[in-house]
Amino acid sequence: EDQVTQSPEALRLQEGESSSLNCSYTVSGLRGLFWYRQDPGKGPEFLFTLYSAGEEKEKERLKATLTKKESFLHITAPKPEDSATYLCAVQAEGQNFVFGPGTRLSVLP
Amino acid sequence: KAGVTQTPRYLIKTRGQQVTLSCSPISGHRSVSWYQQTPGQGLQFLFEYFSETQRNKGNFPGRFSGRQFSNSRSEMNVSTLELGDSALYLCASSRPGGGATDTQYFGPGTRLTVL
(Lines give C-alpha, C1' and ligand atoms only; values in the text may rest on other atoms or scores of the structure.)
Protein backbone atom coordinates (compact mmCIF):
# COMPACT_ATOMS: atom_id res chain seq x y z
CA GLU A 1 0.00 0.00 0.00
CA ASP A 2 1.27 3.46 -0.92
CA GLN A 3 2.20 5.52 2.13
CA VAL A 4 3.33 9.08 2.71
CA THR A 5 4.67 10.48 5.99
CA GLN A 6 5.78 14.02 6.73
CA SER A 7 8.01 15.43 9.43
CA PRO A 8 8.02 17.37 11.55
CA GLU A 9 4.33 17.56 12.32
CA ALA A 10 4.74 21.23 13.27
CA LEU A 11 7.64 23.65 12.94
CA ARG A 12 8.08 27.08 14.44
CA LEU A 13 10.76 29.33 12.94
CA GLN A 14 11.92 32.86 13.47
CA GLU A 15 11.78 35.10 10.42
CA GLY A 16 14.95 34.50 8.40
CA GLU A 17 15.69 31.12 10.02
CA SER A 18 16.04 28.59 7.17
CA SER A 19 14.90 24.98 7.56
CA SER A 20 13.68 21.89 5.71
CA LEU A 21 10.50 19.84 5.70
CA ASN A 22 10.61 16.12 4.95
CA CYS A 23 8.24 13.90 2.97
CA SER A 24 8.98 10.16 2.98
CA TYR A 25 7.10 7.79 0.72
CA THR A 26 6.72 4.17 -0.24
CA VAL A 27 5.14 3.64 -3.64
CA SER A 28 5.60 1.28 -6.53
CA GLY A 29 6.19 3.08 -9.76
CA LEU A 30 6.29 6.73 -8.77
CA ARG A 31 4.65 8.86 -11.42
CA GLY A 32 5.07 12.15 -9.57
CA LEU A 33 5.54 13.78 -6.17
CA PHE A 34 3.61 16.98 -5.55
CA TRP A 35 3.99 19.75 -2.98
CA TYR A 36 1.11 21.99 -1.96
CA ARG A 37 0.66 24.85 0.46
CA GLN A 38 -2.63 25.18 2.34
CA ASP A 39 -3.85 28.16 4.34
CA PRO A 40 -6.53 27.60 7.01
CA GLY A 41 -9.99 27.03 5.53
CA LYS A 42 -8.74 27.16 1.94
CA GLY A 43 -7.96 24.65 -0.75
CA PRO A 44 -4.37 23.48 -1.28
CA GLU A 45 -2.31 25.65 -3.61
CA PHE A 46 0.03 23.85 -6.01
CA LEU A 47 3.76 24.51 -5.55
CA PHE A 48 5.88 21.87 -7.33
CA THR A 49 5.87 18.57 -9.13
CA LEU A 50 8.94 16.32 -9.10
CA TYR A 51 9.25 13.26 -11.32
CA SER A 52 12.59 11.57 -10.79
CA ALA A 53 15.34 11.23 -8.20
CA GLY A 54 17.82 14.08 -8.36
CA GLU A 55 15.30 16.58 -9.65
CA GLU A 56 15.11 20.02 -8.02
CA LYS A 57 12.65 22.89 -8.42
CA GLU A 58 12.72 26.41 -6.98
CA LYS A 59 10.20 29.16 -6.44
CA GLU A 60 11.07 32.28 -4.49
CA ARG A 61 12.20 31.12 -1.01
CA LEU A 62 11.21 27.48 -1.62
CA LYS A 63 13.25 24.66 -3.13
CA ALA A 64 12.04 21.09 -3.51
CA THR A 65 14.30 18.10 -4.01
CA LEU A 66 13.59 14.42 -4.63
CA THR A 67 15.42 11.17 -3.85
CA LYS A 68 14.21 7.60 -4.33
CA LYS A 69 12.59 7.50 -0.90
CA GLU A 70 11.95 11.07 0.17
CA SER A 71 11.55 14.68 -0.80
CA PHE A 72 12.64 17.81 1.00
CA LEU A 73 11.11 21.27 0.90
CA HIS A 74 13.80 23.76 1.83
CA ILE A 75 12.67 27.19 3.02
CA THR A 76 15.32 29.88 2.86
CA ALA A 77 15.00 33.02 5.00
CA PRO A 78 11.26 32.50 5.59
CA LYS A 79 8.84 35.36 6.16
CA PRO A 80 5.63 35.35 8.26
CA GLU A 81 3.58 35.03 5.07
CA ASP A 82 5.16 31.60 4.52
CA SER A 83 3.19 30.33 7.52
CA ALA A 84 0.87 27.57 6.28
CA THR A 85 0.47 23.80 6.20
CA TYR A 86 2.67 22.16 3.58
CA LEU A 87 1.34 18.95 2.07
CA CYS A 88 3.07 16.43 -0.13
CA ALA A 89 1.35 13.82 -2.26
CA VAL A 90 2.52 10.94 -4.42
CA GLN A 91 0.95 9.41 -7.47
CA ALA A 92 1.71 5.92 -8.74
CA GLU A 93 0.89 4.72 -12.22
CA GLY A 94 -2.87 4.42 -12.63
CA GLN A 95 -3.48 5.40 -9.03
CA ASN A 96 -5.01 8.38 -7.31
CA PHE A 97 -3.02 10.87 -5.26
CA VAL A 98 -2.03 9.81 -1.72
CA PHE A 99 -1.46 12.76 0.60
CA GLY A 100 0.72 13.00 3.66
CA PRO A 101 -0.60 14.50 6.91
CA GLY A 102 1.20 17.79 6.35
CA THR A 103 3.65 19.98 8.25
CA ARG A 104 2.26 23.07 10.00
CA LEU A 105 4.79 25.87 9.60
CA SER A 106 4.69 29.01 11.71
CA VAL A 107 7.13 31.83 10.97
CA LEU A 108 7.35 34.40 13.74
CA PRO A 109 8.31 38.03 13.04
CA LYS B 1 -7.83 31.36 -16.73
CA ALA B 2 -10.48 30.76 -14.09
CA GLY B 3 -9.63 28.30 -11.36
CA VAL B 4 -11.67 25.47 -9.90
CA THR B 5 -14.93 26.67 -8.41
CA GLN B 6 -17.04 24.94 -5.80
CA THR B 7 -20.53 25.69 -4.62
CA PRO B 8 -21.81 26.23 -2.08
CA ARG B 9 -18.90 27.38 0.07
CA TYR B 10 -20.67 26.63 3.35
CA LEU B 11 -23.48 24.26 4.28
CA ILE B 12 -25.19 23.38 7.52
CA LYS B 13 -27.31 20.25 7.56
CA THR B 14 -28.82 17.97 10.18
CA ARG B 15 -28.28 14.26 10.63
CA GLY B 16 -30.22 12.11 8.20
CA GLN B 17 -30.45 14.75 5.48
CA GLN B 18 -28.69 14.52 2.17
CA VAL B 19 -26.47 17.08 0.44
CA THR B 20 -25.18 17.77 -3.06
CA LEU B 21 -21.95 19.64 -3.70
CA SER B 22 -20.89 21.02 -7.06
CA CYS B 23 -17.51 21.49 -8.72
CA SER B 24 -16.58 23.25 -11.97
CA PRO B 25 -13.09 22.34 -13.17
CA ILE B 26 -10.56 24.52 -14.94
CA SER B 27 -11.45 24.89 -18.60
CA GLY B 28 -9.97 22.00 -20.59
CA HIS B 29 -9.55 19.74 -17.56
CA ARG B 30 -11.41 16.46 -17.93
CA SER B 31 -10.58 14.81 -14.61
CA VAL B 32 -12.22 15.77 -11.33
CA SER B 33 -11.24 14.25 -7.99
CA TRP B 34 -13.01 14.70 -4.67
CA TYR B 35 -11.41 14.68 -1.24
CA GLN B 36 -12.63 14.88 2.35
CA GLN B 37 -10.42 16.80 4.76
CA THR B 38 -10.79 16.58 8.52
CA PRO B 39 -8.35 17.59 11.28
CA GLY B 40 -7.89 13.99 12.38
CA GLN B 41 -7.68 12.18 9.04
CA GLY B 42 -6.13 14.74 6.72
CA LEU B 43 -6.94 14.64 3.02
CA GLN B 44 -8.78 11.44 2.14
CA PHE B 45 -9.51 10.51 -1.48
CA LEU B 46 -13.19 9.94 -2.27
CA PHE B 47 -13.34 9.32 -6.02
CA GLU B 48 -12.13 10.47 -9.42
CA TYR B 49 -14.16 11.03 -12.55
CA PHE B 50 -12.78 11.24 -16.06
CA SER B 51 -14.93 11.69 -19.14
CA GLU B 52 -18.11 11.02 -17.13
CA THR B 53 -16.78 7.70 -15.78
CA GLN B 54 -15.65 6.92 -12.26
CA ARG B 55 -12.03 5.89 -12.64
CA ASN B 56 -10.92 5.45 -9.03
CA LYS B 57 -12.72 5.18 -5.72
CA GLY B 58 -11.51 5.59 -2.16
CA ASN B 59 -12.54 3.68 0.92
CA PHE B 60 -15.79 5.45 1.78
CA PRO B 61 -19.28 4.01 2.32
CA GLY B 62 -21.87 3.93 -0.43
CA ARG B 63 -23.58 6.98 1.07
CA PHE B 64 -20.95 8.97 -0.81
CA SER B 65 -21.54 9.10 -4.54
CA GLY B 66 -20.69 11.32 -7.44
CA ARG B 67 -21.14 11.95 -11.09
CA GLN B 68 -19.63 13.96 -13.90
CA PHE B 69 -21.40 15.70 -16.72
CA SER B 70 -20.41 16.03 -20.36
CA ASN B 71 -18.99 19.52 -19.69
CA SER B 72 -16.70 17.98 -17.01
CA ARG B 73 -18.58 19.62 -14.16
CA SER B 74 -19.01 17.23 -11.25
CA GLU B 75 -21.30 16.76 -8.31
CA MET B 76 -20.95 14.67 -5.20
CA ASN B 77 -23.81 13.55 -3.02
CA VAL B 78 -23.84 12.40 0.56
CA SER B 79 -27.02 10.71 1.75
CA THR B 80 -28.17 10.05 5.30
CA LEU B 81 -25.69 12.50 6.80
CA GLU B 82 -23.84 11.60 9.99
CA LEU B 83 -22.08 13.88 12.45
CA GLY B 84 -18.74 12.45 11.27
CA ASP B 85 -19.38 13.75 7.76
CA SER B 86 -18.61 17.28 8.95
CA ALA B 87 -15.53 18.24 6.96
CA LEU B 88 -14.05 20.39 4.23
CA TYR B 89 -14.86 18.78 0.89
CA LEU B 90 -12.34 19.60 -1.79
CA CYS B 91 -12.52 19.16 -5.51
CA ALA B 92 -9.44 19.09 -7.74
CA SER B 93 -9.19 19.08 -11.50
CA SER B 94 -6.45 17.92 -13.84
CA ARG B 95 -5.80 17.22 -17.48
CA PRO B 96 -4.29 13.73 -17.12
CA GLY B 97 -2.00 12.56 -19.83
CA GLY B 98 1.36 12.19 -18.16
CA GLY B 99 3.90 14.70 -16.93
CA ALA B 100 2.77 18.10 -15.79
CA THR B 101 -0.79 17.49 -16.94
CA ASP B 102 -1.34 15.15 -13.98
CA THR B 103 -1.04 18.03 -11.53
CA GLN B 104 -4.25 18.53 -9.59
CA TYR B 105 -5.50 22.04 -8.94
CA PHE B 106 -7.83 22.49 -6.01
CA GLY B 107 -10.92 24.56 -5.49
CA PRO B 108 -11.62 26.54 -2.30
CA GLY B 109 -13.70 23.73 -0.81
CA THR B 110 -17.17 23.37 0.68
CA ARG B 111 -17.32 23.46 4.45
CA LEU B 112 -20.07 21.03 5.54
CA THR B 113 -21.30 21.07 9.10
CA VAL B 114 -23.68 18.34 10.24
CA LEU B 115 -25.68 19.06 13.40
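This report concerns the structure included in the present document. Because the structure is predicted, anything quoted here is derived from the model rather than measured. (Residues numbered from 1 in each chain as written. Chains lettered and ligands numbered in written order. Predicted model: local features only at pLDDT ≥ 70, side-chain atom pairs only at ≥ 80, totals over all residues. Heavy atoms only, no water.)

Quick notes on the interface of chain A and chain B
How we decide: The contact criterion used is simple: two residues touch if any of their non-hydrogen atoms lie within 4.5 Å. Note: buried area is the sum, over both parts, of the accessible area (probe 1.4 Å) each one loses when the two are combined. The rule for a salt bridge is simple: a side-chain nitrogen of Lys or Arg has to be within 4 Å of a carboxyl oxygen of Asp or Glu. Two N or O atoms count as a polar contact when they lie within 3.5 Å, although within protein this holds only if one can serve as hydrogen donor and the other as acceptor, and sequence-adjacent residues are included solely when both atoms are side-chain atoms. Counting from the N terminus, the helices are the DSSP runs of H or I reaching at least four residues and the strands are the DSSP runs of E reaching at least two. Asp, Glu, Lys and Arg are counted as charged, while Ala, Val, Leu, Ile, Met, Phe, Trp, Tyr, Cys and Pro are counted as nonpolar; the rest, among them Gly, fall into the polar class.
Opposite the 18 residues of chain A that make contact, chain B presents 20 residues. Of the roughly 1,400 Å² buried between chain A and chain B on both sides combined, carbon and sulfur atoms contribute 53%. Per-residue buried area on chain A facing chain B is highest for A:N96, A:F97 and A:F99; these three make up 30% of the total on that side. Along the contact surface separating chain A from chain B lie 1 salt bridge. Measuring nitrogen to oxygen at the nearest pair gives 2.4 Å for the salt bridge that ties B:D102 to A:R31. Between chain A and chain B we count 4 residue pairs in polar contact (both at pLDDT 80 or more) in total. Those elements giving two or more residues to the side of chain A that touches chain B turn out to be β4 (30-38), β5 (45-50), β9 (84-92) and β10 (97-99) of chain A. Of the residues forming the side of chain A that touches chain B, the biggest block, 4 residues, is contributed by β4(A). Its residues assigned to classes, the side of chain A that touches chain B shows 8 nonpolar, 8 polar and 2 charged.

Note that all results are geometric; they support no functional claim without further evidence.
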